[in-house]
Amino acid sequence: MKKVFSIALAAMALTMISCSDEQEEFEKNNDKIAVELLSSPNVTRSASTNNAENSEVPATYRVSYKGNSSNVQLLPSFAKTLQSASPFGTWQSKTLYGYTAMEPNPNGYKGGANYTRQITKKEATSLGIKNGYYICKDVFFTNTFELPSEMYFCMKGSVTPGRMGWDPENSGGYGFTLSQTGKKIVCKTRGYFIICDVAGAQYNMSAPARKLEFNFHYTKITPPNF
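(A) Spotlight on the pairing of strand β10 (residues 184-197). With respect to burial, β10 is a largely interior element, 10 of its 14 residues being buried. In the sheet, strand β7 (residues 132-146) pairs with β10 via 13 bridges, with the strands oriented antiparallel. Residue V139 lies in a different strand from β10, and its bridge partner there is G191. By the bridge criterion, 5 bridges tie strand β9 (residues 177-181) to β10 in an arrangement that is antiparallel. Bridging across to β10, T177 finds its partner in K188. The turn joining β9 and β10, which pair antiparallel and follow one another in sequence, is formed by 2 residues; a positive phi near 65° is taken by G182. Relative to strand β11 (residues 202-207), β10 runs antiparallel, the two sharing 4 bridges. Within the sheet, the bridge partner assigned to C196 lies in β11 and is Q202. Hairpin connection between β10 and β11: a loop of 4 residues separates the two successive antiparallel strands, and G200 in this loop has a positive phi of roughly 100°.

(B) Structural detail: the nonpolar core. Ranked by internal contacts, the top residues of the largest apolar core, which has 35 residues, are L82 and F216. Secondary structure elements with two or more residues in this core: β2 (59-65), β3 (68-74), α2 (76-83), β7, β8 (152-156), β10 and β12 (213-222). Non-local contacts of L82, meaning those with residues more than four positions away in its chain, are made with I33, V35, V63, L74, F153 and I221. Core analysis: the second largest hydrophobic core is formed by 11 residues, Y115, I119, A124 and Y192 among them.

Rules behind the numbers
- Residues numbered from 1 in each chain as written.
- Predicted model: local features only at pLDDT ≥ 70, side-chain atom pairs only at ≥ 80, totals over all residues.
- Heavy atoms only, no water.
- Buried < 20%, exposed > 50% of the residue type's maximum accessible area, 1.4 Å probe, protein only.
- Helix = DSSP H or I, 4+ residues; strand = E, 2+ residues; numbered from the N terminus.
- Pairing = 2+ DSSP bridges.
- Core = buried A, V, L, I, M, F, W, Y, C linked by side-chain atoms within 4.5 Å.
- Contact = heavy atoms within 4.5 Å.

That's the geometry; what it means functionally is another story.
Following this line, the structure appears as structure tokens:
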């Protein structure tokens, strides 16, 4: 009887160990970051160089972690590191206000050159100006942020209604692109810049949102074999 009881206890112990191992393996796998290539890098002559540190150009990847997904532009080498890394520490939220740079949109109206635009009453009300005709240009608005180190990764946050331009990657919605190169984060959205009205009064403001807010999250990662 004692022998049967001992065998039963041993079997239970083995089952518990097996379940524990499976749980640890599940938690380990569930803590991994999934990285999927969405678009290949657009390699140009200027990007093709003998210097290995400068030979990479960003590509768009879908980064997923614990049910959350975000499209992020990454260097291929960092995407490879990220795929086998694990988050370490707490997530931090960041909001960048306004824009720090502006560049012409070559695919926009007039290729980013100045043009006369009729701003409707609805648009004007949201911008706090009078409706009518204005001198504008189609542009990209960008804002930048520097991470504490290169061993961090980021994901997009929510879009604040009325505080964002159009998504450069989606012609039908509001949003922004998020790009990481080393420690540098670049947020970019599409819109138009109101220079002045037809009478010459200066406005110099962003549209379709007068105030921009770029929300994202970032956390430290533990690289593989660390």
